[in-house]
Amino acid sequence: MATLEIHDLHVSVEGEGGPTEILRGVDLTVKQGETHAIMGPNGSGKSTLAYSLAGHPKYTVTGGTVTLDGEDVLEMSVDERARAGVFLAMQYPVEVPGVSVSNFLRTSATAIRGEAPKLRTWIKEVKETMAGLEMDPSFAERNVNEGFSGGEKKRHEILQLELLKPKIAILDETDSGLDIDALRVVSEGVNRVRGGGDTGTLLITHYTRILRYINPDHVHVFAKGRIVESGGAELADKLEAEGYEQYVKGGA
Ligand code: ADP
Ligand code: MG
Ligand code: MG
């Protein structure tokens, strides 16, 4: 069973006055089949954690370890991490001009599976997955994220997730900016992947709203670059009632 282990992770970004430490000792273990919600105020470093796990070059790891089944993830390139089974749905997905959704998905699947998916089954698979996400088939011919609405971007991220079936899925604010119908559709996609039992999910969110659709096994409160409290789903109810204030007041 795949296990992602993050131990005492420290990450800095380069700012105008030199490097600033954003992650200050993150400890977290995510196993295949588990769903962990990471909840925290804006600016606490949630996206920094997501990007650092995916290998974004802007973020410098200054301490700690990240392993997937004992393999050193921090030593891997972005591509190697993806092939090893780490998937990131970004908070702000980027445009890929001139590349259609259909080509993008097939290229990604080929890279990750190590061989091109058989065309006929692949087309069927994509069609069915898109239908499950209530996406119009014509969407496949559009260029990746070009002019996509917020909801379309997030559905496209979940489409990738369902087709690529990663070992570890990091979903960074997949719920933000979604109306109630899109939130339900996107959540159903996440739950289908979860039901497969092969994916461990790190659901990063600012709001408790999505947790009405996706019931997490574990909830972690993230503040000032680290996990400050962990619990079960009931911790989300506490956050809903009390907010993040108790975690952020006081000095650094
Ligand atoms: P969250 O996702 O929890 O809102 P972020 O990880 O986006 O938090 O940001 C955490 C802190 O790190 C913020 O103070 C933000 O300004 C800073 N930060 C994040 N990424 C960068 C970057 N690429 N360059 C400079 N500062 C950054
Ligand atoms: Mg933010
Ligand atoms: Mg963020």
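Along each chain, residues carry numbers from 1 onward, in the same order as the chain's sequence is written. Naming scheme: in the order in which they are written, chains are lettered from A and ligands are numbered from 1. The predicted origin of the model limits local features to residues at a pLDDT of at least 70 and limits the giving and counting of side-chain atom pairs to 80 or more, whereas totals for whole chains, interfaces and linings rest on all residues. Side-chain measures here rest on the full set of heavy atoms in the structure, leaving out hydrogens and waters.

A few points about the packing of helix α3 (residues 101-113) against helix α4 (residues 119-132)
- Every axis in this analysis is a line fitted to C-alpha atoms, fitted for helices over the stretch in contact. Angles between the N-to-C directions lie between 0 and 180 degrees. In this description a helix means any DSSP run of H or I spanning at least four residues, a strand means any run of E spanning at least two, and both kinds are numbered starting from the N terminus. Where α3 contacts α4, the axes come no closer than 12 Å and their chain directions differ by 120°. As α3 runs across α4, the sense of the crossing is right-handed. When α3 is examined against α4, the residues Leu105, Arg106, Ala109 and Arg113 are found in contact with a partner set consisting of Leu119, Trp122, Glu125 and Val126. Rotating anticlockwise by less than a right angle from the far helix to the near helix defines a left-handed crossing, while the corresponding clockwise rotation defines a right-handed one. Residues count as neighbours in contact if any of their non-hydrogen atoms are within 4.5 Å of one another.

Some points on the site of ligand 1
- Working definition: residue near molecule or strand if any one of its non-hydrogen atoms lies within 4 Å of it. In the neighbourhood of ligand 1, the contacting residues comprise Val13, Ile22, Pro41, Asn42, Gly43, Ser44, Gly45, Lys46, Ser47, Thr48, Lys58 and Tyr59.
- A distance of 2.8 Å separates an oxygen atom of ligand 1 from a polar atom in the backbone of Gly43.
- Within 3.5 Å is the distance limit for a polar contact, defined as a pair of N or O atoms, with the added protein rule that one can donate a hydrogen and the other accept it, and that residues adjacent in sequence qualify only through two side-chain atoms. Thr48 has a polar side-chain atom sitting 2.6 Å from an oxygen atom of ligand 1.
- Here ligand 1 has 560 Å² of accessible area as a free molecule, and 65% of this is covered by the chains.
- A total of three residues in the shell around ligand 1 trace back to one element, the largest contributor, which is helix α1 (residues 46-54).
- Gly counts as polar in this scheme, as do all residues outside two lists: the nonpolar Ala, Val, Leu, Ile, Met, Phe, Trp, Tyr, Cys and Pro, and the charged Asp, Glu, Lys and Arg. Tallied by class, residues from the shell around ligand 1 come to four nonpolar, six polar and two charged. We get accessible surface area from the Shrake-Rupley algorithm with a probe of 1.4 Å; when it comes to residues, only the shown protein chains can shield them.

A few points about the coordination of the magnesium ion (ligand 3)
- Each metal site is built from N, O and S donor atoms within 2.8 Å (3.2 Å for Na, K and Ca), and since water is not included, such sites may look incomplete. Surrounding the magnesium ion (ligand 3) are the protein donor atoms Ser47 (OG) and Gln91 (OE1), at 2.1 to 2.2 Å.
- Between the two metal centres, the magnesium ion (ligand 3) and the magnesium ion (ligand 2), the spacing is 3.3 Å. In this pair, Ser47 is assigned in helix α1 and Gln91 in the loop between β6 (86-89) and β7 (96-100), connecting sequence segments 44 residues apart. By the burial criterion, Ser47 is buried, and Gln91 matches it. Each residue gets one of three labels from its accessible area relative to the maximum for its type: buried under 20%, exposed over 50%, partly exposed in between, using a 1.4 Å probe on protein chains only.

Thoughts on helix α5 (residues 150-164)
- Each helix should span, by expectation, one fewer than its residue count multiplied by 1.5 Å. Relative to the 21 Å expected for 15 residues at 1.5 Å per residue, α5 spans 21 Å between its end C-alpha atoms, a close match to the ideal helical length.
- Burial runs high along α5: 12 of the 15 residues are buried.
- Within the span of α5, buried status applies to Gly151, Lys154, Arg155, His156, Glu157, Ile158, Leu159, Gln160, Leu161, Glu162, Leu163 and Leu164.
- Residues of α5 that are buried sit in contact with β6, α3, α4, β8 (143-144), β9 (168-172) and α6 (180-196).
- The first or second residue beyond α5 is Lys165, which carries a positive phi of 40°.

Observations concerning the layout of surface pockets
- With a 1 Å grid spanning the protein atoms alone, the term cavity applies to any set of points in which a 1.4 Å probe fits but cannot get out, the term pocket to an open set with protein on both sides within 12 Å along at least five of seven lines, and the term lining residue to any residue with an atom within 4 Å of a point. Grid points are joined across faces, edges and corners, and a volume is the space filled by probe spheres set on the points. Space inside the largest pocket adds up to approximately 720 Å³.
- Considering the residues around the largest pocket, the lining is formed by 30 residues, among which Val78, Ala82, Leu88, Phe104 and Gln160 are closest to the centre.
- Those elements that place two or more of their residues in the lining of the largest pocket are α1, α2 (78-84), β6, α3 and α5.
- Here the second largest pocket is characterised by a volume of approximately 260 Å³.
- Residue composition of the lining of the second largest pocket, grouped by class: nine nonpolar, two polar and three charged.

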